[in-house]
Amino acid sequence: AGRRCCEVGAHERAGASMGKRKGSKGEKDGAPPSAMSQLDRDFAVSGLPDYLEAQRTRVFCGSESNTSAKYFGSAHTYSTKGFDNSQTWKEFERGLDIRIRRVDEADNTMEFDLVGVSPSFANALRRILISEVPTMAIEHVFFLNNTSTIPDEILAHRLGLIPIAADPALFKSRSPPSQESGNEHQEDDRDQRNTIVLRLQARCSGRNPGGKHEDNEYGKVKSKDLKWLPGGSEIPEETGVRFTVSQDTLEEFEGAPVRPVHDDILIAKLSSGQEIELEAHCTKGTGAEHAKWSPVATAWYRLCPEVVLLREVKGEKAEELLAKFEGLPKGVECPFEVVGGVARPREGPLDLMCLERIRALSGEEEWKDYVQLRKIKDHFIFTVESSGVLPPQDLLCTAIDILASKAGGLAAKLAEA
C-alpha cells in the first residue's frame, strides 16, 4: 500500500525544510518546455525554477524507469541559482514529522511515516534498529547429555536464534575480558544482573504398545521445552554463574516471566531412546555482534508515492479514466474519484496494484500528459517487524534515543575541537 501527500502544506514544508532562497523568486529561465512546466501549482512555493524544484524534491516514476532519483543534499548544489540548500537545526526540527500508520500487536509489526529527513537519516535509523538496539539471547550452552543426531555446536546455534521475551533494560552487559588484569578470560561476575538461565530436558521414550506414537508431538523438541530457572544455574561449579537472589522475587519480573517468544519453534527431532539435557545462558548484546541479538526480523522503508493529474480530466474523459481501474480485487479502491464531473486523486492509502496501473498509464500516448506517478524524496514509509522480544514501538523509541546519543557525542567532540 502507498499513500499520497498532495496537500499544499506538504509542499510548503518540503520547500522550507530542504532549502532557502537567497535571490529573487519565481524565475523560470532555462526551464525546458516539457511536462515539467506543468508543475507550477505544486512548486510555486519555492524560489527555484519549477523543473529544478521538481528535481530536488521528487522522483518521477515512468512506465519503464524512474528519473530524478538522486538526492541532492549538498548545501551548494544550486548555488549558481542563488539558492541555499543547507538546513539549520530549527528548520530540521520544524520539518521533522513522525506519524504512526498502524500497529499490529498480533504480528509485531508497525508502519509509520518519517517526513522531512534525508535518506541518510532514514537509513541510520534502519541500521540502528537492526544492529544496535540491545536484546537478550542465548550465548552459552552447557550440555549434560546429547544423544541426538544433531552435533552440540549445531544445536547451540539453533538455540541462539530462538528469540527470548525478556526486557534488556533489566540487565547489564557483561564486560569483555580485561587484558590489564593479566587474565584474558576473566569477565564480570555472572549473576542475576547479567544472566538468564534456561534448562532443556527432553527424552523420547519410544512407542506405546501396538506401534502407535505417544502423541502427535512424538520425538519433537520445541522451544516450549525451554524452562526458566529464576534461581540460577544448577551446575554453578561448571558454569561459573551464581545468583545471590532468585530473579522471580524481584519486582521487575513480577507478571512477566522469562520465556521464548514462540512456543512452537522446532529445535530437534529425537528417535526412541535419544535424549537432550542442557543449560542455556542468555546474555545482553546487539545485532552488530551477532544476528541472534537483532530485535527485528526486518526493518525497511520506501518513498511515499504521490499521484498527480497534470491536466483537468472531466466529463467522458473522467469516466474513461475510472474505467481503466475496473476489475480490481475486493477491498481495493480506485485511486481516482469523480466529483462534480471532474476526476481527482482519492485521499488515503493506495494499493500497489493501483500504483503499477498508474505507472503504466503514464507511459501510454493517450494518458501521458494527464497522469503522473511521483515519489517524495523526504517522505519515507517505514515498516518495522519485531522478532517479538520487544514491541515495535518500543524498538523505535530506543533507536531514536541511540541516534540522539550519537549526535550528542559528535556535538560534544566538535565543541572540544
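Below: a short report on this structure. (Residues numbered from 1 in each chain as written. Predicted model: local features only at pLDDT ≥ 70, side-chain atom pairs only at ≥ 80, totals over all residues. Heavy atoms only, no water.)

## Things to note about the overall build of the protein
1) Next: Within the protein, the regular secondary structure consists of ten helices and 20 strands.
2) Next: Every one of the 417 residues in the protein was classed for burial, and the buried ones make up 42%.
3) Next: Taking all contacts inside the protein whose residues are at least 6 apart in sequence as the whole, residues at least 24 apart take part in 75%.
4) Next: As presented, the protein carries roughly 21800 Å² of accessible surface, and 49% of it is formed by carbon and sulfur atoms. (Helix = DSSP H or I, 4+ residues; strand = E, 2+ residues; numbered from the N terminus. Buried < 20%, exposed > 50% of the residue type's maximum accessible area, 1.4 Å probe, protein only. Contact = heavy atoms within 4.5 Å. Areas by Shrake-Rupley, 256 points an atom, 1.4 Å probe, with all protein chains shown as cover.)

## Examining the pattern of salt bridges
1) Next: Taken as a whole and assessed by the stated rule, the structure comprises 19 salt bridges.
2) Next: Measuring nitrogen to oxygen at the nearest pair gives 2.4 Å for the salt bridge that ties Asp-97 to Arg-99.
3) Next: Note that Lys-368 is salt-bridged to Glu-365, the shortest N-O span being 3.4 Å.
4) Next: One salt-bridge network, in which partners are shared between bridges, spans Arg-101, Glu-111, Asp-113 and Arg-302. (Salt bridge = Lys/Arg side-chain N within 4 Å of Asp/Glu carboxyl O.)

## Re the side chain of Gln-372
1) Next: Mapping Gln-372 onto the fold places it in strand β20 (residues 371-386).
2) Next: A polar contact of 2.8 Å, which involves the side chain of Gln-372, links it to the side chain of Arg-374. (Polar contact = N/O pair within 3.5 Å; in protein donor to acceptor, adjacent residues only side chain to side chain.)

## Here's the deal with the packing of aromatic side chains
1) Next: Under the definition given, this model contains eleven aromatic pairs.
2) Next: Each ring, one from Phe-112 and one from Phe-382, has its centre 5.1 Å from the other, and the planes form 5°; the classification is stacked. Residue Phe-112 is found in strand β7 (residues 109-115), and its partner Phe-382 is found in strand β20; the two are separated by 270 residues along the sequence. Residue Phe-112 shares its accessibility class with Phe-382, and that shared class is buried.
3) Next: Between the aromatic rings of Tyr-301 and Phe-382, the centroid separation amounts to 5.4 Å while the plane-to-plane angle is 45°, which identifies the pairing as tilted. Taken together, the residues span a long stretch of sequence, with Tyr-301 in strand β16 (residues 296-309) and Phe-382 in strand β20 at a distance of 81 residues.
4) Next: Here the aromatic residues Phe-112, Tyr-301, Phe-380 and Phe-382 are joined through ring pairs into a cluster of three or more.
5) Next: A cation sits over an aromatic face here: Arg-311 above Tyr-370, 5.7 Å from the ring centre. (Phe/Tyr/Trp six-rings, centres within 6.5 Å; stacked < 30°, edge-to-face > 60°. Lys NZ or Arg CZ within 6 Å of the ring centre and 35° of its normal.)

These values are about where atoms sit, not about what they do.
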